[in-house]
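Fold and geometry: a report
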Amino acid sequence: MSQPPPPPPPENDDIYYPTHHHNQSHNQQPPPATFTPYPSLRLNPVRDHHSENYEDMQLDHYPPLLLSSLERHLPNRMLNRPREEKAEYMTNILNKYYPLNEHIRMQKQREYRQKIISSYPPLHKEIYSMHAENFFVPSFLEAIQGKSEASLRRVIAEPFKGIFTFQMLQPGFCQKLMEEVDHFERHIKRAKLKIMRPNTMNQFGVVLDDFGMEAMLQSFMETFIRPLSEVFFTEFGGSSLESHHGYVVEYGTNRDLDLGFHVDDAEVTLNVCLGKQFSGGELYFRGVRCDNHVNSQIQSEEIFDYSHVPGQAVLHSGRHRHGVRPTTSGHRLNLIIWCRSSVHRETKRYQKEFPTWCAECKRQRKERIRARIASASQNFFGMRP
Ligand SMILES: [Zn+2]
């Protein structure tokens, strides 16, 4: 007989409390005398709790105010412990969510941006702050100002479930943005600065947030993407989008040719073609999946291809699996804005039920129900003489 398999790891170790297993073998270490459960926090803060001041303490990398604000999320048994003990407890939790390398990465990113912004002279200063009437086509602005699903639907098409397309950017703005990217790349080369690419998959392209467009893109996201996401992507955290990653990608000869099949590190993705002349480069979509099922089989009803048109936007969930076909001639630039929601990510951690938007979760659930019905009816008929 084979050994029973080891118990599966906990699904969410952040809310996992170790339990005493009675079937532990004897050569295993007993729990320490002062047995402390896994660190945990309460979801809702204790509103009337007066947090300590951590200003004078050496706290590795964390701002003292962060600890003061986190303190109200401590479990009861920790709330009135000595300050040092609470600080250590909270630091341990923070270290799980923000590993050291992430801190170093964030610090380096801040330094990198500062260095670039202080040395880079913009070509088109006017696109660094939001001027909606110069950026967007009138039909799109009207749809947003209408503040209703009906006004959005009037200009926004949904050629495939969960994929929305619409005319968004004026040709003049697209032109300026492409010139700015080109100007920035020349500056980087001339100044012999290192360029940080937008993601792990694109070898070409630039992060707009790195050279001064962060505030403009934040307002772009809040005022012109979130209103759409609130309506079309509610179950993906569309109404709580709070941060963005904005970049331009370049495809063509001497650039990236295509992009493999993937999901985005975003709740909602906006992708707008800026130009120029090109052929090929279609986006192919192949079904929405949760983390557990990103590689599961494509169903025939999930196949949708989309051809770019300059100025036209496509908006989709980051979980919608997609890829980019080769750009067969010419040069193509696209503006991509990944919109994120920490609230959505945090609540997802605690969800026990399967996500209703994952097609594979749905399929498996149907399959389970079918099997249960089949076995029940077999038992029923089996009992007959
Ligand atoms: Zn799933």
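Because the structure is a prediction, the values reported are computed rather than measured. (Residues numbered from 1 in each chain as written. Predicted model: local features only at pLDDT ≥ 70, side-chain atom pairs only at ≥ 80, totals over all residues.)

**Observations regarding the overall build of the chain**
In plain terms, the rule: Think of it this way: any DSSP run of H or I at least four residues long counts as a helix, any run of E at least two long counts as a strand, and we number them from the N terminus. To sort residues by exposure, count the other C-beta atoms lying within 10 Å of each residue's C-beta; 20 or more gives buried, 12 or fewer gives exposed, and values between give partly exposed, all with C-beta atoms placed from the backbone. Here contacts are defined at the residue level, using C-beta atoms placed from the backbone and a cut-off of 7 Å between them.
Scanning the chain from N- to C-terminus turns up eleven helices and twelve strands. Burial status across the chain gives 28% buried among its 385 residues. For the chain, the proportion of contacts with a sequence separation of at least 24, taken over those separated by at least 6, is 79%.

**Overview of the nonpolar core**
How we decide: Only buried residues count toward a nonpolar core: Ala, Val, Leu, Ile, Met, Phe, Trp, Tyr and Cys, linked into one set through C-beta atoms within 7 Å.
Grouped together as the largest cluster of nonpolar side chains are 54 residues, with contacts concentrated most on Leu-208, Ile-225, Val-248, Val-268, Val-272, Ile-337 and Cys-339. It is helix 9 (residues 214-232) that contributes the most residues to this core, seven residues altogether. Listed in part, the six residues of the second largest apolar core include Tyr-54, Leu-67, Leu-70 and Met-90.

**Quick look at unusual backbone geometry**
Leave glycine aside and you will find that most residues have negative phi; peptide bonds, for their part, are mostly trans. The step from Gly-275 to Lys-276 runs through a cis peptide bond, and the omega angle for that step is -10°. With respect to the element layout, Lys-276 can be found in the loop between strand 6 (268-275) and strand 7 (278-280). The phi torsion at Lys-147 lies on the positive side, around 50°, for a residue other than glycine. Note that Lys-147 resides in the loop between helix 6 (138-145) and helix 7 (149-155). In this structure, Lys-192 takes a positive phi of about 55° despite not being glycine. By the element assignment, Lys-192 lies in the loop between helix 8 (171-190) and strand 3 (206-207). Assessed through the 6 C-beta atoms surrounding it within 10 Å, Lys-192 is described here as exposed.

**Examining the confidence of the model for the chain**
Formally: Per residue, pLDDT captures the predictor's confidence, and it can take any value from 0 to 100.
The predicted model of the chain has a mean per-residue pLDDT of 85, with 87% of residues at 70 or higher. Within the model, the stretch residues 1-39 combines pLDDT values under 50 with 14 contacts to residues more than four positions away or in other chains.

**Brief notes about the sheet that holds strand 8 (residues 283-288)**
Quick note on the threshold: The pairing criterion for strands is at least two bridges between them, as found by DSSP. Orientation is described by axes fitted as lines to C-alpha atoms, over the contacting stretch for helices, and by angles from 0 to 180 degrees between their N-to-C directions.
The strand order across the open sheet built from four strands is 5-11-8-9, with neighbouring strands paired in antiparallel fashion. The open sheet has two edge strands with one neighbour each: strand 5 (259-262) and strand 9 (303-306). This sheet shows a mean twist of 20° between the axes of neighbouring strands, independent of strand direction. Pairing analysis gives four bridges linking strand 8 to strand 9, with the strands arranged antiparallel.

**Overview of the pairing of strand 12 (residues 327-340)**
Buried residues dominate strand 12, accounting for ten of its 14 residues. Pairing between strand 6 and strand 12: seven bridges, direction antiparallel. Its bridge partner being in strand 12, Val-272 is matched across the sheet by Leu-335. In this structure, strand 7 lies alongside strand 12, joined through three bridges in antiparallel fashion. Pairing of Phe-278 across the sheet is with Gly-330, part of strand 12.

**Some words on the environment of Val-288**
By the secondary structure assignment, Val-288 is in strand 8. Owing to 24 C-beta atoms within 10 Å, Val-288 belongs among the buried residues under this scheme. With 34 residues separating them along the chain, Val-288 and His-322 place their C-alpha atoms 9.2 Å apart. Residues contacting Val-288, with those up to four places away along its chain left out, are Gly-162, Ser-317, Arg-319, His-320, Trp-357, Cys-358 and Ala-359.

**Quick look at the pairing of strand 1 (residues 157-160)**
One face of the sheet, then the other: side chains in a regular strand alternate in exactly this way. Note: strand 1 against strand 2 (residues 163-167), two bridges, orientation antiparallel. For Ala-157, the partnering residue across the bridge sits in strand 2 and is Thr-165. Between the end of strand 1 and the start of strand 2, which pair antiparallel, lie two residues, with Gly-162 showing a positive phi angle near 85°.

**Digging into the environment of Ser-148**
When you line up the elements, Ser-148 lands in the loop between helix 6 and helix 7. Of the residues examined, Ser-148 has 11 C-beta atoms within 10 Å and is grouped as exposed. It is 9.1 Å that separates the C-alpha atoms of Ser-148 and Pro-227, two residues lying 79 residues apart in sequence.

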